[in-house]
Amino acid sequence: MEEWKDWQKAYEFGSLVIWPPDSVREIVNRQRQEYDPVSQATCEAHITLTQPLLRPLKDREWDQIMRIVSSFDAFQIDYGPVNSFLPYPAIWYEIHPKEKVLEMREALHQTGFFNLALPHTEGFIPHMTITEGESGPAVDEALLEHIRARVESGCFRCDDVAYVVPNETFCCEVMRRLPLRTRTMV
């Protein structure tokens, strides 16, 4: 097992993310590999939902998490256009409707199971990262415009939430899927 960096240790017990379908992940993973292979090596394309867990959860706590997640209807996620946090070196897809993602995030964070003391907890903006500037070309306005000209927006149906945990090399793996409520269309 390689030694984790200090920031990585906060993610030891995993977190909840929206895990796009394979067809979307393949596209965004290629972009991540091209523009930031170091970040891509830690986790495939995803939309962060919660801050990391403070500790492993007991079965009854997982039941509580599953009740919260299943109280939300499945919904369509639109990703794009591409935006940035410049001068912070990150380029990402906007996520819409961000209000639904933030509502679920808030409900889950109210359980007290998540580390809300970490940076970027308040004012969180739902996004799907292309580059965090860990590797690849320098993240600046020119790269942002270059990426904007090359990528397309898209959409997918969000039917569940994934629980991801980093392995010994700090590569996140999906450990469970938690379904959202699905309604039959009449």
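Note that the structure is a prediction, hence the values are computed from the model and not measured.

### Comments concerning the overall build of the protein chain
Turning to step 1, where the next piece is worked out: When helices and strands are counted, the protein chain shows six helices and eight strands.
Turning to step 2, where the next piece is worked out: Helices (α) and strands (β) of the protein chain occur, in sequence order from the N terminus, as α-β-α-α-β-α-β-β-α-β-α-β-β-β.
Turning to step 3, where the next piece is worked out: Computed over C-alpha atoms, the radius of gyration of the protein chain comes to 16 Å, within 12% of the 16 Å expected from 2.2 N^0.38 for 186 residues, which places it in the range of a compact globule.
Turning to step 4, where the next piece is worked out: For the protein chain, the spread of C-alpha atoms along the three principal axes comes to 50 × 50 × 30 Å.

### Examining the sheet that holds strand β4 (residues 91-96)
Turning to step 1, where the next piece is worked out: If you trace the four strands from one edge of the open sheet to the other, you get β5-β4-β3-β6, paired in antiparallel fashion. The open sheet has two free edges, formed respectively by β5 (127-131) and β6 (154-158), since each of these has just one partner strand. The average angle at which neighbouring strand axes cross in this sheet is 30°, direction not considered.
Turning to step 2, where the next piece is worked out: The pairing of strand β3 (residues 75-84) with β6 spans five bridges and is classified as antiparallel. Note on β6: the bridge partner recorded for Ile77 is Phe156.

### What about helix α6 (residues 141-150)?
Turning to step 1, where the next piece is worked out: Taken together, the buried positions of α6 are occupied by Leu143, Leu144 and Ile147. When α6 is viewed along its axis, its buried side chains cluster within an angular range of 100° and face the same direction. The exposed set on the far side of α6, more than 90 degrees from its buried face, consists of Ala142 and Ala149.
Turning to step 2, where the next piece is worked out: The inward-facing, buried residues of α6 contact α2 (22-35), β3, β4 and β5.
Turning to step 3, where the next piece is worked out: N-cap assignment for α6: the residue whose side-chain oxygen lies 3.2 Å from the backbone N of Ala142 is Asp140.

### Re the layout of surface pockets
Turning to step 1, where the next piece is worked out: Its boundaries defined by the atoms lining it, the largest pocket holds a volume of some 1,300 Å³.
Turning to step 2, where the next piece is worked out: Together, 42 residues line the largest pocket, and Trp7, Tyr11, Thr48, Tyr88 and Glu132 are the ones closest to its centre.
Turning to step 3, where the next piece is worked out: For the lining of the largest pocket, the elements supplying multiple residues, two or more each, are α1 (6-9), β1 (15-18), α3 (37-42), β5 and β7 (160-166).
Turning to step 4, where the next piece is worked out: Ranked by the residues each element gives to the lining of the largest pocket, the list is headed by α3, at four residues.
Turning to step 5, where the next piece is worked out: A breakdown of the residues in the lining of the largest pocket according to their chemical character gives 20 nonpolar, 14 polar and eight charged.

### As for the nonpolar core
Turning to step 1, where the next piece is worked out: Leu16, Ile65, Leu108, Met128 and Leu180 are the most contacted members of the largest nonpolar core, which totals 42 residues.
Turning to step 2, where the next piece is worked out: Residue contacts for Met128: discarding those within four places in its chain leaves Pro20, Val24, Val28, Ala45, His46, Ile47, Tyr79, Trp92, Tyr93 and Ile95.
Turning to step 3, where the next piece is worked out: Grouped together as the second largest cluster of nonpolar side chains are six residues, Val17, Trp19, Cys43 and Ala162 included.

### Here we look at α2
Turning to step 1, where the next piece is worked out: Between its first and last C-alpha, α2 extends 20 Å over 14 residues, near the 20 Å set by a 1.5 Å rise per residue.
Turning to step 2, where the next piece is worked out: At its buried positions, α2 is contacted by α3, β3, β4, β5, α6 and β6.

### Comments concerning the packing of aromatic side chains
Turning to step 1, where the next piece is worked out: According to the stated counting rule, one finds four aromatic pairs in the structure shown.
Turning to step 2, where the next piece is worked out: Seen in terms of ring centroids, Trp62 and Tyr163 are 4.7 Å apart; in terms of plane orientation they differ by 65°. Their pairing is edge-to-face. Placement of the pair is Trp62 in helix α4 (residues 59-70) and Tyr163 in strand β7, with a sequence separation of 101 residues. With respect to class, Trp62 is no different from Tyr163; both count as buried.
Turning to step 3, where the next piece is worked out: Sitting over the face of the ring of Phe124, Arg105 holds its NZ or CZ atom 3.9 Å from the ring centroid.

Conventions and cut-offs
- Residues numbered from 1 in each chain as written.
- Predicted model: local features only at pLDDT ≥ 70, side-chain atom pairs only at ≥ 80, totals over all residues.
- Heavy atoms only, no water.
- Helix = DSSP H or I, 4+ residues; strand = E, 2+ residues; numbered from the N terminus.
- Rg over C-alpha atoms; globule rule 2.2 N^0.38 Å.
- Pairing = 2+ DSSP bridges.
- Axes fitted to C-alpha atoms, helices over the stretch in contact; angles between N-to-C directions.
- Buried < 20%, exposed > 50% of the residue type's maximum accessible area, 1.4 Å probe, protein only.
- Arc of directions from axis to C-beta.
- Contact = heavy atoms within 4.5 Å.
- Polar contact = N/O pair within 3.5 Å; in protein donor to acceptor, adjacent residues only side chain to side chain.
- 1 Å grid on protein atoms, 1.4 Å probe; cavity = no way out; pocket = protein on both sides within 12 Å on 5 of 7 lines; lining within 4 Å.
- Points joined across faces, edges and corners; volume = space filled by probe spheres on them.
- Nonpolar A, V, L, I, M, F, W, Y, C, P; charged D, E, K, R; others polar.
- Core = buried A, V, L, I, M, F, W, Y, C linked by side-chain atoms within 4.5 Å.
- Expected span 1.5 Å × (residues − 1).
- Phe/Tyr/Trp six-rings, centres within 6.5 Å; stacked < 30°, edge-to-face > 60°.
- Lys NZ or Arg CZ within 6 Å of the ring centre and 35° of its normal.

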